[in-house]
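# Structural description and commentary
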Amino acid sequence: DVKVTQSSRYLVKRTGEKVFLECVQDMDHENMFWYRQDPGLGLRLIYFSYDVKMKEKGDIPEGYSVSREKKERFSLILESASTNQTSMYLCASRGRGAEQYFGPGTRLTVT
Amino acid sequence: DQQVKQNSPSLSVQEGRISILNCDYTNSMFDYFLWYKKYPAEGPTFLISISSIKDKNEDGRFTVFLNKSAKHLSLHIVPSQPGDSAVYFCAASGGSNYKLTFGKGTLLTVNP
């Protein structure tokens, strides 16, 4: 069975803090993705990675960076958290097909 | 510029009846379409997909129809059950791009 895990389900951080969101997949997938979901805006792609150490910007990369040192792990970094980054963050991975498999999400609140 | 549009933010249906969720797209390069279901505080789960070489794909209670000339697809759920109440996202991909482009979602409520 496909499994994508995220390090935290709920996170509360202060403005200006550096925040790390971790995602791990156990399917040996090459492609991994970070999205955020906001009411009325759907899922928006932040960054994706198609191989170890390879990354590409998605539609809304500003304020974020990513790291992929190992195939199974893809990290999203908020260099200096701001209140407008309060959101649900979703990690996904993709194998040979077009289907992406999502983790349970991290609800991040920045105060 | 929204390339995948779900124009109905919400839909309410009686249990046992048909639910029809609609999705329109503008990018002619899209050749594969997917539907995802999402419960609150959970990640989306893949439901069903269709390739552009087909016009229909069926999996149990779920059927997706694709009308390429109209750039329109729909998801039919028959019969609808209360457990189907969730947000449904339409997504599309095309070419060698790894990315999925998602619509904004439709909240389906199935009333007992």
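Shown above is the structure to which this text applies.
Time to look at the sheet that holds strand 8 (residues 73-78) of chain A. Residues and elements named next belong to chain A. Spatially, four strands are ordered 1-3-8-7 in an open sheet, and the strand pairing comes out antiparallel. This sheet does not close on itself; its edge strands, each paired only once, are strand 1 (4-6) and strand 7 (64-70). Recorded for the sheet is a direction-independent mean angle of 20° between the axes of neighbouring strands. In the sheet, strand 3 (residues 19-25) pairs with strand 8 via six bridges, with the strands oriented antiparallel. Bridge assignment links V24 to a residue of strand 8, and that residue is R73.

Residues and elements named next belong to chain B. As for its placement among the helices and strands, V64 is situated in strand 7 (residues 62-67). Residues V64 and S49, spaced 15 residues apart in sequence, show a C-alpha to C-alpha distance of 7.3 Å. Not counting residues up to four positions away in its chain, the partners in contact with V64 are W35, I48, S49, I50, D55, K56, N57, L73 and S74.

Turning our eyes to something else, we now look at the packing of aromatic side chains. Here the structure, examined in full by the defined rule, presents 12 aromatic pairs over all chains. The interplanar angle of 20° and the centroid separation of 5.8 Å between the aromatic rings of F33(A) and F48(A) together place this pair among those described as stacked. You can see F33(A) sitting in strand 4 (residues 31-38) and its partner F48(A) sitting in strand 5 (residues 42-51), a full 15 residues away along the chain. Consider the rings of Y25(B) and F33(B), whose centres lie 4.6 Å apart with planes at 40°: the pair is tilted. Every member of this aromatic cluster is reached through a ring pair, and the members are F33(A), Y35(A), F48(A), F102(A), Y36(B), F46(B), F89(B) and F102(B).

Once that is clear, we can look at the pairing of strand 4 (residues 30-38) of chain B. For a regular strand, side chains alternate in direction, first toward one face of the sheet and then toward the other. Residue and element names in this part refer to chain B. The buried count for strand 4 comes to seven of nine residues, which makes it a mostly enclosed element. The pairing of strand 4 with strand 9 (residues 86-94) spans eight bridges and is classified as antiparallel. The residue of strand 9 that forms the bridge with Y32 is S93. Two strands pair when backbone bridges link them, and strand 4 and strand 5 (residues 45-51) are joined in this way by six bridges, in the antiparallel orientation. Note that in strand 5 the partner of K37 across the bridge is T45. Hairpin connection between strand 4 and strand 5: a loop of six residues separates the two successive antiparallel strands, and A41 in this loop has a positive phi of roughly 60°.

This part covers the sheet that holds strand 6 (residues 56-59) of chain B. Residues and elements named next belong to chain B. Within the open sheet, the five strands sit side by side as 1-3-8-7-6. Their pairing is antiparallel. Only two strands of the sheet have a single partner each, and these edge strands are strand 1 (4-5) and strand 6. With two bridges joining them, strand 1 and strand 3 (residues 19-25) adopt antiparallel strand pairing. Bridge pairing links V4 to Y25 in strand 3.

Quick look at the environment of K53(A) now. Residue and element names in this part refer to chain A. Within the secondary structure, K53 is located in the loop between strand 5 and strand 6 (54-57). As a C-alpha pair, K53 and K70 span 17 residues in sequence and 7.8 Å in three-dimensional space. Only 2.4 Å separates the side chain of K53 from the side chain of E69, close enough to count as a polar contact.

Right, let's get into the interface of chain B and chain A. Each partner contributes residues to the interface: chain B has 18 residues there, and chain A has 23 residues. Counting the surface chain B buries against chain A, the share from its top three residues, Y98(B), K99(B) and F102(B), is 35%. Between chain B and chain A we count zero salt bridges in total. Run the count over chain B and chain A and you get five residue pairs in polar contact (both at pLDDT 80 or more). Contributing elements (two or more residues each) for the side of chain B that touches chain A: strand 4, strand 5 and strand 9 of chain B. With four residues, the single largest contributor to the side of chain B that touches chain A is strand 4 of chain B.

About the thresholds
- Residues numbered from 1 in each chain as written.
- Chains lettered and ligands numbered in written order.
- Predicted model: local features only at pLDDT ≥ 70, side-chain atom pairs only at ≥ 80, totals over all residues.
- Heavy atoms only, no water.
- Pairing = 2+ DSSP bridges.
- Helix = DSSP H or I, 4+ residues; strand = E, 2+ residues; numbered from the N terminus.
- Axes fitted to C-alpha atoms, helices over the stretch in contact; angles between N-to-C directions.
- Contact = heavy atoms within 4.5 Å.
- Phe/Tyr/Trp six-rings, centres within 6.5 Å; stacked < 30°, edge-to-face > 60°.
- Buried < 20%, exposed > 50% of the residue type's maximum accessible area, 1.4 Å probe, protein only.
- Polar contact = N/O pair within 3.5 Å; in protein donor to acceptor, adjacent residues only side chain to side chain.
- Buried area = accessible area lost by both parts, 1.4 Å probe.
- Salt bridge = Lys/Arg side-chain N within 4 Å of Asp/Glu carboxyl O.

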